[in-house]
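# Fold and geometry: a report
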Amino acid sequence: MSLTRRQALKRLGACPVAVASPLTLPSGAAARAATCLPWPAWDRFVADFIGNGGRVVERADARQRTVSEAQAYALFFSLVANQQALFERLLRWTEDNLAGGDLTQRLPAWHWGRRDDGSWGVIDSNAAADADLWIAHALCEAGRLWGVRRYGALGALLAERVLREETAELPGLGRTLLPGPQGFVIAGGRWRLNPSYLAPMQLRCFATRLGAPWRALRDSAVKVLLGSAPRGLAPDWALYDGAAQRFVHDESDGSYDAIRVYLWLGLSTAVMGDPAGAAVQAHFAPMAAATEALGAPPEHIDTRGGAGTGSAPPGFSAALLPWLQSLGRTDALRQQQLRVQERPPAPDAYYDQVLRLFGQGALEGRFAFDANGLLLTAWSPCLSGAPSAAVRGRM
Amino acid sequence: MKTRLAQHALLALQVLAASIVLSSAPPARAQGNVAAADPVAISELLRNAQLWLRLGRADNLRLVLNKILAVDGGQARALLLLGELELREGRSAEAQRLLARLQRGGDAAASAELQDLVRVYTRDLPRLQQLRLLRRGGNEARATGLARELFPTGNAPGALAEEFAGLLRGGGRAAAGPSLPGRTATAAPARAPVPNPPAAAAAAPAAEDRYWPLLREARALSDAGALGDARARVASAMALQPDEPEGRLLRADLDAREDRRDAAEAGYRALLDDPAAAGVHVRAAARLVVLLQNSGRHEDALADAARSGAANALDSGALRRAAEAEQAQGRSGAGLRLLEAALAALPRDPWLRHDLARLYGHLGQIETARDLLAEGRAAAPEDAEQAYAAALACAALDRDAEALATLDAVPEGARSEGQRALAQRLRDARAQAEARRSAEPVAAAAAIVRRIAERNAWRQPTDEVALFPYARRAADGRSSLRGLEMPIVVTRPEGVPDDGTDGRALAHGHRWLHVDPVRIDAGALPASFGEASEFGTVRVGGQPLPAPLPQRARGLNLGLGWTGDERRWDLGIVGAGFEVPNLVGGWRQAFSLRGQDASIELSRRVLTGGLLPYAGTRDPLSGRRWGGVTMSTATLRVAGDISGWSSSASLRAGLLEGRNVAGNDTVQLRLASDRDWLDGVALRLSAGATLSLWHYRRNLSFHTFGHGGYYSPQRYASLALPVDAQGRQGAWSYRARASVGRSWTYEANAPYHPTDPALQAATGHAVHAGGRGGGTSTSLRAEIERRLSPHWSAGASVFADRSAYYSPTQWMFYLRRNLSPQTGEMSSPRPVQPYSQF
């Protein structure tokens, strides 16, 4: 971890267009006014995917769809890039189109686009818990970093709604995040869960700011991550049997969803600095080994048998970067970095692009999460000036 | 046709008035001079004023007018508009001062108009109000008649012209004639063909020469409401100089006024985007903001206000209403966005902050709400309104303690009645809550519930009527007294208009009116010399009366007053129709004295213990009137709790005077203490002791001429032991108070005629004998009240005092109508207090 932090800070310091002098950045207003690090990849993403109205369009998709997750990630990146006007546009579109005009009243629908009859609108009004948490998280952190009350309040309200509508008390797990409000409770006391919806640094952030129920959620998240990946390979989906209090491995493929498990773990090193956290990180080492052995992350991996198939798109490599770095697997890290450079994601590959923004962005020191799960950005006082006490304690 | 004529006549007058203002300045010669040329700037400001006037934005109107007057203190139209504004807001004295300024300036037309306005808003205000009522009621015929009376020239001054244009047009035929020349003079050019724009190179100076006068005319026409004509002028002017910003601004204004909103918006935006139009940016931005808000586009208005720094143009009331409408439709998020943006633009607006805090609270974001309020308080710690708004919001968030603390931070003198009422309500709530947690729950809760029931009781609007008979048998014609009063009382609470906490107005006091007809009868003074010589100057005449002399009087007591938690006052007349009527009144202020409740009271009351002091009478021999005694007092009262005994001390100094009655003064001290021995809902029993000490300088208790007929011992001490029982049961409540006591008195001998030495000498220096006295006394008061329905209550009471020489009995039967239905806890009986007994 200390290596990551130091490298990140070094990169910042070395950057010729660094944010204004740390001394000029004590107030939120000054931080907002500060020139930001150029982030060409993000600028390109904005140009390629985000319409003027603040909608992230998946151009490669037949329905020109928008998913709430894309809005959520874009909100997060615009915060990292210190682009408040863009953030507001994204939020406004999300609120108006996915949340029926009011995020204080309902969860955003996960799927919007051209319907079968040619009209535009919500295609599926069910929500996606990971997107909801990312939106809530971006709002909470935007409220804190930009000093905008409304964002903080909207974030807290949304997080509370997630808690009410997208979690359940599962035998043996306690309060657990469900993938959405509907469709994940299976007859016979089973639940379908998605490990990649669990971002430890995010749950930690909510626990820090919103208290007890989130600590329970964080604890269950660790159980889900470990329980669903007995061989250290995360599956896309997992079925939990409440009576047996264990995971039933009906589907064992680990692929496009699961790749984010490693991404989030890579971003969560500060919050998982304790031995228990380190054990979780170490538990997933087989994925690093498989990647190293194959020279690239497998597109699919049989999480029970361990066999990987197919060469994953470059976004997978990018997603693994922070994690490989935190594991100290420098060879694998260099290998995957090179792979991303040589095979950059296609301009219209939304998901690949997002994974790259996360993975490379973190590696470039554009953002990080401290031990309390609070977001540090290149323009925020903490990362541009002296590291916060929490971070310093680990250096 | 006539209607059209009158319309044009009116228009002509307005154009005339406006052009008087405008022509007083030399025309600006060139575009570049606009900023420097005061007259143009002033006429622009006047245009602004006109806009605010039309929008009903008195606050902004006042700002603009003050701005104009700061530049040109004699600006006639500004003085006129400001004068009208003052009148509309009820400050006629200020309007008079402005009128004087206007008259000094010598603008006869404006002076006359303001003078007319002053008349309408002062002397003729009732008629104006009646006229408006008639109109609202649709009574056009009567309204027209009244309008003709009110505006005999057929022209209403100021903004009233527009208001009553319809009426006066119908009725103001006579006025149309004289104004006719005006119409032709001003209206004709409007129909003249627009001159062709001259060839640019050759005629450029000529174009400028014509541009500004055209624009000024256009403004005057626009001010006068002739929008079509104004538009034609602007078009003519703009044909000469299409890019000149003032013209473009005026055209956009006209678009806005004629509801071509898109065109107006485009016009303003084009100006704002044009660096060459920087001179009009501020105005264009403000008008764009107003336009957007008027179109319900509050978010756009906010965005533009933020962009162009035109936050002053925002109507925060409209923003609040828009946010409330969003919330009412279940869109809290939109309300939040609107209020946040509004507060960002107007961070010192306490009510935006209040609404926003409540919305956050409503959404469960209590901490955010508190931070928000704290931020507002920190930014303006001295702002009482900010504190009030914050306290209301706190109260709405169920943070009563914080609300109280916030209010307590406001200096007493800076608090409004609304703030006091809120503080009282919060203290009530706190007391109630504390009572619930109290170690002695039953007793304490009963006490609190009772107290709050009492306070709420008098906050209600009521109509009351009562019969108040009383009798005291003593010496007929002198100290005997039988009376009947019939108090009629109308009480109306004075609420804080919509405090927003729960939709219920907080009464912080009530206004009341007493109309109490009175009849009193002291019986007939016997004709025998022995008895009659104790009356008037009969003793000096040395003869018995030819016949018994009836002593009776009829009159009316009238009073009006205001009673609040801490202050009350009243003013009235006692005994209109009596031989000696008296003006009376009182003022009382409660305050806190070293943590104890204290009050100070100044009052003047009539003594009602007998016919002579109450009503006055005539001396049968000389025919002179005497009597009607008032006591003017200053009273200091302190009350507090002394180890469980609620105790009070009051010290009173009084001056007594009456028609042809010797002057007198008194000092009185009263100490009382009692405590509850039982404290339940059905029965609360308290008992204690009361010590009274009085001193009057003179004994004027007799009925000879110069005396007042009121008890005025030189020394008086009494110790009484009162027992008080009260309670409630269902729709009944009762109260009984019995007292036994003992008194010690000394009355000095009194000359027969203390005011007139000659008369006194004529009696042979006779004196009424005084002496020591006293004895035991008992008194009983019983009251009962029943709630007949949520709207009606009835009650009765009796009071009897039995001591050696004084044994009055009083009854009271009363009926009360509660205008707002009463279903809560019964309060103690509340017999009507006749105005004579204040």
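In this text, all values refer to a predicted model and were calculated from it rather than measured experimentally. (Residues numbered from 1 in each chain as written. Chains lettered and ligands numbered in written order. Predicted model: local features only at pLDDT ≥ 70, side-chain atom pairs only at ≥ 80, totals over all residues. Heavy atoms only, no water.)

## Focus on the overall build of chain B
Going by this rule: The helix and strand labels rest on DSSP assignments: H or I over at least four residues marks a helix, E over at least two residues marks a strand, and numbering proceeds from the N terminus. Relative accessibility under 20% of the residue-type maximum defines a buried residue, over 50% an exposed one, and the middle range a partly exposed one, all with a 1.4 Å probe and only protein chains included. Residues are treated as being in contact if the distance between any of their heavy atoms lies within 4.5 Å. The Shrake-Rupley method, run with a 1.4 Å probe, gives the accessible areas here. Residue values count only the displayed protein chains as cover.
Each helix and strand counted, chain B has 29 helices and 22 strands in total. Within chain B, the fraction of its 838 residues that count as buried is 48%. In chain B, 59% of the contacts between residues at least 6 apart in sequence involve partners at least 24 apart. If you sum the accessible surface of chain B, you get close to 38100 Å²; carbon and sulfur atoms cover 56% of it.

## What about helix H13 (residues 314-327) of chain A?
Residue and element names in this part refer to chain A. Operational definition: Expected span, for any helix, means 1.5 Å times one less than how many residues it has. For a residue, the bend is simply the angle between two axes, fitted respectively to the seven-residue segment ending there and the seven-residue segment starting there.
In this model, H13 (14 residues) spans 20 Å end to end at C-alpha, consistent with the 20 Å of a helix rising 1.5 Å per residue. A bend of about 40° at leucine 321 is the largest found in H13, and the proline proline 322 appears one to four places after it. Within H13, twelve of the 14 residues are buried, which leaves the element mostly enclosed by the surrounding structure. Listed as buried for H13 are Pro314, Gly315, Phe316, Ser317, Ala318, Ala319, Leu320, Leu321, Pro322, Trp323, Leu324 and Gln325. Positive phi appears at glycine 328, one or two residues downstream of H13, with a value of about 75°.

## Some remarks on the pattern of salt bridges
Residues and elements named next belong to chain B. This is how it is decided: Any carboxyl oxygen of Asp or Glu that lies within 4 Å of a side-chain nitrogen of Lys or Arg is treated as forming a salt bridge with it.
This model, assessed by the stated rule, comprises 66 salt bridges over all chains. A salt bridge links arginine 119 to aspartate 124, with the nearest nitrogen and oxygen atoms 2.6 Å apart. According to the relative accessible area criterion, arginine 119 is buried, its value standing at 17%. Salt-bridge contacts for glutamate 246 lead to arginine 219; the nearest nitrogen and oxygen are separated by 3.4 Å. You can see glutamate 246 sitting in helix H14 (residues 245-257) and its partner arginine 219 sitting in helix H12 (residues 200-223), a full 27 residues away along the chain. Exposure class is identical for glutamate 246 and arginine 219. Each is buried. A single salt-bridge network, built from bridges that share partners, covers Glu265, Arg269, Arg297, Asp300, Asp304 and Arg307.

## A closer look at the pairing of strand S4 (residues 167-170) of chain A
On any regular strand, side chains alternate: one points to one face of the sheet, the next to the other face. Residues and elements named next belong to chain A. This is how it is decided: Strand pairing is assigned whenever DSSP identifies at least 2 bridges connecting the two strands.
Here S4 runs beside strand S5 (residues 174-177); their pairing, made up of four bridges, is antiparallel. Along S5, the bridge assignment pairs glutamate 169 with arginine 175. Hairpin connection of S4 to S5: three residues between the antiparallel strands, including glycine 172 at a positive phi of 90°.

## Observations concerning the interface of chain B and chain A
Let me state the cut-off plainly: What counts as buried area is the accessible surface, traced by a 1.4 Å probe, that two parts surrender upon association, with contributions from both included. Polar contacts, as used here, are pairs of N or O atoms within 3.5 Å; protein pairs need one atom able to donate a hydrogen and one able to accept it. Residues neighboring in sequence count only if both atoms are side-chain atoms. When residue character is reported, Ala, Val, Leu, Ile, Met, Phe, Trp, Tyr, Cys and Pro are called nonpolar, Asp, Glu, Lys and Arg charged, and the others, Gly included, polar.
Taken together, the contact pairs 16 residues of chain B with 14 residues of chain A. Summing both sides of the interface, chain B and chain A together bury roughly 1200 Å²; the carbon and sulfur share of this comes to 49%. On the chain B side of the interface with chain A, the three residues burying the most area are B:Arg337, B:Leu363 and B:Gln365, jointly 41% of the side's total. Between the two partners, chain B and chain A, sit four salt bridges. The shortest N-O distance in the salt bridge between B:Arg337 and A:Glu95 comes to 3.0 Å. Inspection of the chain B/chain A interface yields nine residue pairs in polar contact (both at pLDDT 80 or more). Secondary-structure elements contributing two or more residues to the side of chain B that touches chain A are helix H19 (332-345), helix H20 (350-362) and helix H21 (366-379) of chain B. Its residues assigned to classes, the side of chain B that touches chain A shows six nonpolar, five polar and five charged.

## Here's the deal with the sheet that holds strand S2 (residues 111-114) of chain A
Pairing between the strands of a sheet is mediated by backbone hydrogen bonds and can be parallel or antiparallel. Residue and element names in this part refer to chain A. If you trace the three strands from one edge of the open sheet to the other, you get S1-S2-S3, paired in antiparallel fashion. With one partner strand each, in any of the chains shown, strand S1 (66-67) and strand S3 (120-124) form the two edges of the open sheet. Taken together, the two bridges between S1 and S2 define a ladder with antiparallel strand orientation. If you follow threonine 66 over to S2, its bridge partner there is tryptophan 112.

## Notes on the confidence of the model for chain A
Residue and element names in this part refer to chain A. We apply this condition: A residue's pLDDT is the confidence the predictor assigns to it, expressed on a 0 to 100 scale.
Of the residues in chain A, 87% have a pLDDT of 70 or more, and the chain-wide mean is 86. This model gives residues 1-35 a pLDDT under 50, and the stretch forms 51 contacts once residues within four places in sequence are excluded. The low-confidence segment residues 382-395, where pLDDT is below 50, has 38 contacts with residues more than four positions distant or belonging to other chains.

## Focus on the environment of B:Arg119
All names here are of chain B. Considering the arrangement of structural elements, one finds arginine 119 in helix H6 (residues 108-121). Among residues more than four places away in sequence, those in contact with arginine 119 are Asp124, Leu150, Phe151 and Pro152. Among the polar contacts made by the side chain of arginine 119, one reaches the main-chain carbonyl oxygen of leucine 150 at a distance of 2.7 Å.

## Here we look at the packing of aromatic side chains
Residue and element names in this part refer to chain B. Note the cut-off: The pairing test for Phe, Tyr and Trp rings, Trp by its six-membered ring, is centres within 6.5 Å, and the orientation test on the planes gives stacked under 30 degrees, edge-to-face over 60, and tilted for anything in between. Any Lys NZ or Arg CZ that is within 6 Å of a ring centre and within 35 degrees of that ring's normal is treated as a charge sitting over the ring.
For the structure on display, the rule yields 49 aromatic pairs over all chains. Positioned above the aromatic ring of tyrosine 752 is the side chain of arginine 539, whose terminal nitrogen or guanidinium carbon lies 4.9 Å from the ring centre. Of note, arginine 675 hangs over the ring of tryptophan 677, and the distance from its end group to the ring centre comes to 5.0 Å.

## Brief notes about the nonpolar core
Here is the rule: We define the nonpolar core as a collection of buried residues of types Ala, Val, Leu, Ile, Met, Phe, Trp, Tyr and Cys that are connected through side-chain atoms lying within 4.5 Å of one another.
Counting 208 residues, the largest nonpolar core has A:Trp42, A:Phe284, A:Tyr350 and A:Phe358 as the members making the most contacts within it. By residue number, the principal contributor to this core is helix H6 (residues 129-146) of chain A, which donates twelve residues. Setting aside residues no more than four positions away along its own chain, A:Phe358 makes contact with A:Tyr73, A:Phe76, A:Phe77, A:Trp134, A:Leu263, A:Trp264, A:Leu267 and A:Phe367. Counting 21 residues, the second largest nonpolar core, distinct from the first, contains B:Val518, B:Ala522, B:Val574 and B:Leu611.

## A word on the sheet that holds strand S6 (residues 185-186) of chain A
Residues and elements named next belong to chain A. The four strands lie next to each other as S6-S7-S8-S9, forming an open sheet whose pairing is antiparallel. If you trace the sheet from one side to the other, it starts and ends with S6 and strand S9 (246-248), each paired once. As paired strands, S6 and strand S7 (residues 190-193) are joined by two bridges and run antiparallel to one another. Counterpart to isoleucine 186 in the pairing with S7 is arginine 190.

## Overview of the packing of helix H12 (residues 285-294) of chain A against H13(A)
Residue and element names in this part refer to chain A. Note the following rule: Here an axis means a line fitted to C-alpha atoms, over the contact stretch when the element is a helix, while the angle between two N-to-C directions is reported on a 0 to 180 degree scale. Here is the rule for angles: anything less than 35 degrees is roughly parallel, anything more than 145 is roughly antiparallel, 65 through 115 is roughly perpendicular, and the remaining ranges are oblique.
Between H12 and H13, the least distance of the axes is 11 Å, while the angle of their chain directions is 105°. Classified by the interaxial angle, the pair formed by H12 and H13 is roughly perpendicular. Taking contact as the criterion, the partners of Ala285, Met287, Ala288 and Thr291 in H12 are, on H13, Leu320, Trp323, Leu324 and Leu327. Taken together, the residues that form the contact of H12 with H13 break down as seven nonpolar, one polar and no charged.

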